[in-house]
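Structural features, examined
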Amino acid sequence: MPQCSCALLFYYFIFFSTTPLILFFSAIDYYTDYFQNVFVTEPKFNEYDFIVVGAGSAGAVVAHRLSNHGKVLLLEAGGSPNPLHSFPGHAYGLISKPEIDWGYKTVPQKNSSLAFKNQEVFWPRGKVLGGSSSVNFMFYLRGHPLDYENWSNITGDEGWSWDNVLPYFKKSISQYKGEHQTNEDQYKGSEYGFLHIESKNFKNLAREFIEAGKELGYDEIDANGPQKSGFGHLDRNERDGARYGTYSALLKNPKHPKNLVISKYSQAVKIDSAKLLMLSGIGPKEHLKSVGIKPLVDLPVGKNLQDHVLSVLLPFVIEKPLSIVAERDFTVEYFMEYFMKGDGPWTCPLMITSQAFISSSQVKQQGIDWPDIQLYIVAVGNSVAGALTLSEAQNYKKDFLDKIYEPYLGTDGFVILNTLGRPKSVGEITLKDKNPFSHPNIDPHYLEHPEDLAALVEGAKLAVKIGSETTPFRNLNATFSDIPIPGCEAYKFKSTEYWECYIRYFSTSLWHPTSSCRMGKADDPRSVVDSKLRVLKTRNLRVIDASVMPVIVNANTNAPTIMIGEKGADFILEHWAQQKLVCDGKDYYLYKDANKCYYLSY
Ligand SMILES: Cc1cc2nc3c(=O)[nH]c(=O)nc-3n(C[C@H](O)[C@H](O)[C@H](O)COP(=O)(O)OP(=O)(O)OC[C@H]3O[C@@H](n4cnc5c(N)ncnc54)[C@H](O)[C@@H]3O)c2cc1C
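In this text the structure is predicted, and so the values were computed from the model without any measurement.

Notes on the UniProt feature "binding site: FAD" (unreviewed entry) in the protein chain
- Feature annotation in UniProt places "binding site: FAD" (unreviewed entry) on Val128, Trp511 and His512, given in this structure's numbering.
- Judged by its relative accessible area of 1%, Val128 falls in the buried class.
- When near neighbours in sequence (up to four residues on either side) are disregarded, Val128 contacts Ala55, Glu76, Gly78, Gly79, Ser80, Pro81, Ile100 and Ser134.
- Here His512 shows up in the loop between strand S20 (507-509) and helix H18 (558-579).
- Given a relative accessible area of 9%, His512 falls into the buried group.

Considering the pattern of salt bridges
- Under the criterion given, the structure shown has 22 salt bridges.
- A salt bridge links Arg534 to Asp530, with the nearest nitrogen and oxygen atoms 2.8 Å apart.
- Taken together, the shared-partner salt bridges connect Arg65, Lys171, Glu566 and Asp570 into one network.

Considerations on the UniProt feature "domain: Glucose-methanol-choline oxidoreductase N-terminal" (unreviewed entry) in the protein chain
- With numbering aligned to this structure, UniProt lists the feature "domain: Glucose-methanol-choline oxidoreductase N-terminal" (unreviewed entry) at residues 126-149.
- The annotated region residues 126-149 carries 21% helix and 0% strand content, and the separation between its end C-alpha atoms amounts to 30 Å.

Some details on unusual backbone geometry
- The step from Leu314 to Pro315 runs through a cis peptide bond, and the omega angle for that step is -10°.
- Within the element layout of this structure, Pro315 appears in strand S13 (residues 309-317).

With respect to the state of the cysteines
- On inspection of all chains with the given rule, the structure shows one disulfide.
- Two residues share a disulfide in this structure: Cys488 and Cys501, whose sulfurs sit 2.0 Å from each other. Across the S-S bond linking Cys488 and Cys501, the dihedral sits near -85°, which makes this disulfide left-handed. Residue Cys488 is found in the loop between strand S19 (479-480) and helix H17 (496-505), and its partner Cys501 is found in helix H17; the two are separated by 13 residues along the sequence. Like Cys501, Cys488 is buried.

Digging into the sheet that holds strand S2 (residues 72-75)
- Strand order in the open sheet formed by three strands is S1-S2-S10, with parallel pairing between adjacent strands. Each edge of the open sheet carries a strand with a single partner, namely strand S1 (50-53) and strand S10 (260-263). Along the sheet, successive strands turn relative to each other by an average axial angle of 20°, direction set aside.
- Sheet analysis places S1 next to S2, joined by four bridges and oriented parallel. In the sheet register, Val53 faces S2, and the bridge partner there is Leu75.

A closer look at the side chain of His196
- The residue His196 is located in strand S6 (residues 195-198) in this model.
- Judged by relative accessible area, which is 7%, His196 ranks as buried.
- A polar contact of 3.5 Å, which involves the side chain of His196, links it to the side chain of Arg239.

Section: the packing of helix H3 (residues 145-155) against helix H4 (residues 162-172)
- Running from N to C, H3 and H4 point in directions that differ by 115°, and their axes come no closer than 9 Å. Contacts between H3 and H4 involve Pro145, Tyr148 and Glu149 on the former and, on the latter, Trp162, Asp163, Val165 and Phe169.
- Residues belonging to the contact of H3 with H4 are distributed by class as follows: five nonpolar, no polar and two charged.

A closer look at the pairing of S2
- Across the two faces of S2 the burial is the same, with Val72 and Leu74 and Leu73 and Leu75 all buried.
- This β-α-β element, S1 to helix H2 (residues 57-66) to S2, shows right-handed connectivity.
- Strand direction decides the pairing type here: S2 and S10, joined by four bridges, are parallel. When the bridges of S10 are listed, Leu73 appears paired with Val261.

Thoughts on the pairing of strand S15 (residues 373-378)
- Across the six residues that make up S15, a large majority, six, are buried.
- Of the two faces of S15, the one lined by Ile373, Leu375 and Ile377 and the one lined by Gln374, Tyr376 and Val378 are each fully buried.
- As paired elements, S15 and strand S16 (residues 413-420) share six bridges and run antiparallel to each other. Residue pairing in the sheet places Gln374 in a bridge with Thr419 of S16.

Topic: the domain arrangement of the protein chain
- Splitting the protein chain by domain gives domain 1 (1-40) and domain 2 (41-578).
- For domain 1 versus domain 2, the separation of C-alpha centres amounts to 26 Å.

A few points about the environment of Arg518
- Checked against the element boundaries, Arg518 lands in the loop between S20 and H18.
- According to the relative accessible area criterion, Arg518 is buried, its value standing at 5%.
- Sequence separation between Arg518 and Lys303 is 215 residues; the distance between their C-alpha atoms is 8.2 Å.
- What Arg518 contacts, discounting residues up to four positions off in sequence, is Ile154, Asn304, Asp524, Arg526, Ser527, Val528, Val529, Ser547, Val548, Met549, Pro550 and Val551.

Overview of the side chain of Gln109
- Note on placement: Gln109 falls in the loop between strand S3 (104-105) and strand S4 (122-123).
- Within the structure, the side chain of Gln109 is placed 3.1 Å from the side chain of Asp443, a separation counted as a polar contact.
- The residues contacting Gln109, other than those within four sequence positions of it, are Gln119, Asp443, Pro444, His445 and Tyr446.

Digging into H2
- In terms of burial, H2 is largely enclosed, as 10 of its 10 residues are buried.
- Among all positions in H2, only Ser57, Ala58, Gly59, Ala60, Val61, Val62, Ala63, His64, Arg65 and Leu66 are buried.

Some points on the environment of Val415
- Checked against the element boundaries, Val415 lands in strand S16.
- The spacing of Val415 and Val378 is 37 residues in sequence and 5.1 Å in space, taken between C-alpha atoms.
- Apart from the residues lying within four places of it in its own chain, the contact partners of Val415 are Val312, Leu313, Leu314, Phe316, Tyr376, Ile377, Val378 and Val380.

Focus on a nonpolar patch on the surface
- The grouping of Val332, Met336 and Met340 at the surface amounts to a nonpolar patch, some 340 Å² of accessible area in total.
- We classify Met336 as partly exposed; its relative accessible area is 42%.

Comments concerning the packing of helix H13 (residues 384-394) against helix H14 (residues 398-405)
- The interhelical angle for the contact between H13 and H14, taken along N-to-C directions, is 155°, at an axis separation of 9 Å. As far as their axial angle goes, H14 and H13 are roughly antiparallel. The element H13 and its partner H14 pack so that their crossing is right-handed. Taken together, the residues of H14 that come into contact with H13 (itself represented by Ala387, Leu388, Leu390 and Ser391) are Lys398, Leu401, Asp402 and Tyr405.

Some words on the environment of Val457
- By secondary structure assignment, the location of Val457 is in helix H15 (residues 450-469).
- C-alpha separation for the pair Val457 and Ala212, spaced 245 residues apart in sequence, amounts to 19 Å.
- The contacts of Val457, once residues within four sequence positions are left out, are Thr496, Trp499, Glu500 and Ile503.

Reading the values: the criteria
Residues numbered from 1 in each chain as written. Predicted model: local features only at pLDDT ≥ 70, side-chain atom pairs only at ≥ 80, totals over all residues. Heavy atoms only, no water. UniProt positions renumbered as here; feature names shortened; annotations may be inferred. Buried < 20%, exposed > 50% of the residue type's maximum accessible area, 1.4 Å probe, protein only. Contact = heavy atoms within 4.5 Å. Helix = DSSP H or I, 4+ residues; strand = E, 2+ residues; numbered from the N terminus. Salt bridge = Lys/Arg side-chain N within 4 Å of Asp/Glu carboxyl O. Disulfide = S-S within 2.5 Å. Pairing = 2+ DSSP bridges. Axes fitted to C-alpha atoms, helices over the stretch in contact; angles between N-to-C directions. Polar contact = N/O pair within 3.5 Å; in protein donor to acceptor, adjacent residues only side chain to side chain. Nonpolar A, V, L, I, M, F, W, Y, C, P; charged D, E, K, R; others polar. Right-handed = clockwise from strand over helix to strand, strands pointing away. Domains from an automatic or database assignment. Patch = residues over 30% accessible without salt bridge, like charges linked within 9 Å, V, L, I, M, F, W, Y side chains within 5 Å. Areas by Shrake-Rupley, 256 points an atom, 1.4 Å probe, with all protein chains shown as cover. Parallel < 35°, antiparallel > 145°, perpendicular 65-115°, else oblique. Left-handed = near helix turned anticlockwise from the far one by under 90°.

This is the structure in structure tokens:
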């Protein structure tokens, strides 16, 4: 990679001169979009067949599918994303930006996140068309078949089994140009699909990571089909190197524009499904009373919150220039590669090039291979910018990071993200008060369950072994910092107690909250919606988003949420077909000889 003796100065010049410009143009873009939306009259109907609140990963899919059959009003609290959102290299820069992010944070955590200011973890959520799919890191993963067998058992509905959700994952795909093109059975595009999935050429340290896994006895895998323990490349929701979330795919140029009215900057008074239901009087009776809301329907809304916990392992140092060091590699060459060819490092969010699924010993004891640890390798060296960005985007204490990074600044290296795929700790979302604009209390109870910490300790030990003791990394002279992190100096370095302490400091969210409006059987006291996603004890109201997952899946949650959107749209269409007998359009057909009209399930 190109070298320059005055690179640090150059980097600072570029950083401090472009950042205000980016902020300035983003602000212009935001206010132009906002005022255009207020003053330019949109075509409106007097009445709608469906109202969808939230144009996120699931909401955009539901609105799109329904607009093929009826008039849809899609209410979104945010506006259009600015053009920078499609640039994967800038994904980290989108976090916590108030024009597009709700700006949530957790309440102070008791068992985790000691390296964070006030032990509060930032919880980014997209407030923009496309929702969190417009700000996420775009990795495309579906989960383990057993995740869905579990859903099927919990709901008592075979419709959520792996065999029955797989067609919905496939249905969303339009074009697959990822790592596993030979696996047609998993990825063949559908004529109804809209997602583009690809994997570009920046794969630094991925081969070393996968080969290290093989040396330790793991297979090289396609993590989607069907998942098992092993190491493999990552696919992303991109098209020609640009983000391709539900905004680009479905809302930017809607397929049924006459039927779909998108109302931007329209906050349906309440925020997010759990909060929305509680402010409407649907939630835990005693809690609603305590904040002055009249309870209408007593349901465990906000309970059962789950999230993937992430512990960052750094710094690793290598002696070959295979990582991106911001001060050195912020080059014209890489930008040209991106803008001219749609390729290179800037197609890769956070330079995460590969990942692994591992079953901890707790899981192996049960005689199954249902991984509960996910490791990612991040081909980022040790830079001033890295520490600054981590602290600003995620609320880490800056001085804590400075102490860890200082001896290694400017060196090549990498980071391993050690994440918990199947956490046992369960959190809760409650209302602060009855003001719809107040942020909710978010308490994920990270690491409360002792088995969560035990699994992450195993992940940390394995990650450090991979990154410093295996042949592919030894060939790079890779080392893991031997300086204990501040706060854990009292423990024997790399002992189980040291890792427990390390993880309690370095633990945050992987930004995959689920299950606060859990789906389940009607007589299960944990259920908020039934297996057709209808809110229990109410009529004509469904929740269709990540919050309905009965248990979080062992995978990044965007693709599973889009799948939920697909199924949810079909549930509504099935129901609607039975309500209204309409046979006048070409999209409708007569079902057998039952003398009833059904809608084609797109
Ligand atoms: C920074 C980040 C990185 C991530 N990286 C990945 C990744 O690489 N791969 C992956 O698979 N997953 C990733 N995820 C998770 C994934 O993006 C989410 O699980 C998924 O987008 C959730 O979809 P959803 O439909 O439930 O909610 P969202 O997509 O968040 O949509 C909710 C929408 O509703 C709107 N809304 C909320 N309340 C109201 C209201 N009252 N009125 C009107 N509109 C409202 C919001 O503004 C938003 O647009 C990431 C998430 C984040 C935040």
